[in-house]
Amino acid sequence: MESATPVIVAIDGPSGTGKSSTSKAVAAQLGLSYLDTGAQYRAITWWMVNNGIDTDDPTAIAAAAGKPEIVSGTDPQGPTITVDGVDVAGPIRTQEVTSKVSAVSAVPEVRARITELQRSIAASAAHGIVVEGRDIGTTVLPDAHLKIFLTASPEARAARRSGELKGVDVHSTREALIKRDAADSSRKTSPLAKADDAVEVDTTELTLAQVIECVVTLVEEKRAGK
Ligand SMILES: Nc1ncnc2c1ncn2[C@@H]1O[C@H](COP(=O)(O)OP(=O)(O)O)[C@@H](O)[C@H]1O
Ligand SMILES: Nc1ccn([C@@H]2O[C@H](COP(=O)(O)OP(=O)(O)O)[C@@H](O)[C@H]2O)c(=O)n1
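Residues numbered from 1 in each chain as written. Chains lettered and ligands numbered in written order. Predicted model: local features only at pLDDT ≥ 70, side-chain atom pairs only at ≥ 80, totals over all residues. Heavy atoms only, no water.

The terminal C-alpha atoms of helix 8 (residues 170-186), which comprises 17 residues, lie 24 Å apart, in line with the 24 Å expected from a rise of 1.5 Å per residue. Among all positions of helix 8, only Thr-173, Leu-177, Arg-180, Asp-181 and Asp-184 are buried. Here the buried residues of helix 8 occupy an arc of 105 degrees about the axis, which is enough to place them on one side. For helix 8, the exposed residues lying more than 90 degrees away from the buried face are His-171, Lys-179 and Ser-186. (Helix = DSSP H or I, 4+ residues; strand = E, 2+ residues; numbered from the N terminus. Expected span 1.5 Å × (residues − 1). Buried < 20%, exposed > 50% of the residue type's maximum accessible area, 1.4 Å probe, protein only. Arc of directions from axis to C-beta.)

Structure follows, in structure tokens:
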């Protein structure tokens, strides 16, 4: 590809593999936009909880899926997320939202709405974008110039996550994470999966700096037409 073409990078993988940290840093280094699609699914889940929608009732979720207006700010130095104009960056990270997000994001009407939003954000990124999630390479942006699939052992992922959540032990973090991965991987509509043409990077034994360097190098190789 020519270097003037906006570059589209898809980064997928399970929880705690380093998608957000890597994507933000790569986008910042290369002057690209950044989209956290997990934050969008968390935001719609937050809205469902806040509006008394039963998150175990797919029909109720489907009926409400078109209601909230979700807006993502794509500056990698300070990404933002609002629902109906309210900043929800904090509330979408609670354990309640984390425990309900897989059920909400499995509903086809939710996925259709959020996928459309993601495609329009990617299409309007003038210099290109790094989009991270679960189904970006397979479904949202199947023509992405570069697809990365990050993995890491459940132990490493749980240790990273419980390092962020004070007072939560590694064992329960590991169990919750495995449960969420299983739900995300087994749903019918665009499950968590590696695209056939994605480059798999196992981050278990790598530092974050090494993962970032690896992805930056892959983007630069693509831009150079290698
Ligand atoms: N390669 C790595 N080695 C050690 N810690 C890491 C690595 N990659 C990410 N982390 C840390 O793990 C935590 C989860 O990373 P994050 O980027 O949020 O993962 P994801 O978006 O895949 O859930 C963060 O605290 C981050 O700093
Ligand atoms: N492209 C995506 C991104 C997230 N999700 C859902 O949103 C949840 C939260 O994603 P996230 O990226 O914020 O999760 P963490 O890995 O940061 O904990 C996932 O567990 C999925 O259920 C999805 O279905 N599709």
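The residue Gln-118 is located in helix 5 (residues 108-123) in this model. Of the residues examined, Gln-118 reaches a relative accessible area of 1% and is grouped as buried. Sequence separation of Gln-118 and Thr-37 is 81 residues, and the distance between their C-alpha atoms is 7.5 Å.

Let us look at the side chain of Arg-42. Tracing the backbone through its elements, the reader meets Arg-42 in helix 2 (residues 37-50). Notably, Arg-42 is buried but unbridged: the nearest opposite-charge side chain belongs to Asp-36, and the N-O separation is 6.6 Å. (Lys, Arg positive; Asp, Glu negative; His and termini not counted. Salt bridge = Lys/Arg side-chain N within 4 Å of Asp/Glu carboxyl O.)

Taken residue by residue, the chain gives an average pLDDT of 95. The fraction at 70 or more is 96%. Per the prediction output, this complex has pTM 0.96; the corresponding ipTM is 0.98. (pLDDT = per-residue confidence, 0-100.)

Residue pairs three or four apart in sequence face the same way in an α-helix, which turns once every 3.6 residues. Helix length check: helix 5 (16 residues) gives 22 Å between terminal C-alpha atoms against 22 Å at 1.5 Å per residue, within 8%. Within helix 5, the full set of buried residues consists of Val-110, Arg-111, Ile-114, Thr-115, Gln-118, Ile-121 and Ala-122. The buried residues of helix 5 all sit within an arc of 125 degrees when viewed along its axis, so they share a single face. In helix 5, the exposed residues that point more than 90 degrees away from the buried face are Glu-116 and Ala-123.

Another aspect to go through is the site of ligand 2. Among the 20 residues in the neighbourhood of ligand 2, the closest are listed as Arg-42, Arg-111, Asp-135, Arg-180 and Asp-184. Here an oxygen atom of ligand 2 and a side-chain polar atom of Arg-42 are 2.7 Å apart. Coverage of ligand 2 by the protein chains reaches 98% of its 540 Å² of free accessible surface. Contributing elements (two or more residues each) for the shell around ligand 2: helix 2, helix 4 (95-105) and helix 8. Class assignment for the residues of the shell around ligand 2 results in three nonpolar, seven polar and ten charged. (Near = heavy atom within 4 Å. Polar contact = N/O pair within 3.5 Å; in protein donor to acceptor, adjacent residues only side chain to side chain. Areas by Shrake-Rupley, 256 points an atom, 1.4 Å probe, with all protein chains shown as cover. Nonpolar A, V, L, I, M, F, W, Y, C, P; charged D, E, K, R; others polar.)

Axis separation between helix 4 and helix 8 bottoms out at 9 Å; the angle between their running directions is 20 degrees. Between helix 4 and helix 8, the crossing angle belongs to the class labelled roughly parallel. With respect to the hand of their crossing, helix 4 and helix 8 are arranged in left-handed fashion. Taking contact as the criterion, the partners of Thr-98, Val-101 and Ser-102 in helix 4 are, on helix 8, Arg-180, Ala-183 and Asp-184. (Axes fitted to C-alpha atoms, helices over the stretch in contact; angles between N-to-C directions. Parallel < 35°, antiparallel > 145°, perpendicular 65-115°, else oblique. Left-handed = near helix turned anticlockwise from the far one by under 90°. Contact = heavy atoms within 4.5 Å.)

We now examine the sheet that holds strand 5 (residues 86-87). Hydrogen bonds between backbone groups are what pair the strands of a sheet, and the pairing can be parallel or antiparallel. With antiparallel pairing, the three strands of this open sheet are ordered in space as 3-4-5. Two strands lie at the open edges of the sheet, namely strand 3 (70-73) and strand 5, each paired on one side alone. For strand 4 (residues 80-83) and strand 5, the ladder comprises two bridges, and the chain directions are antiparallel. Within strand 5, the residue paired with Val-83 across the bridge is Val-86. (Pairing = 2+ DSSP bridges.)

Another point: the environment of Ala-112. Within the secondary structure, Ala-112 sits in helix 5. Taking the C-alpha atoms as reference, Ala-112 lies 9.4 Å from Ala-65; in sequence the two are 47 residues apart.

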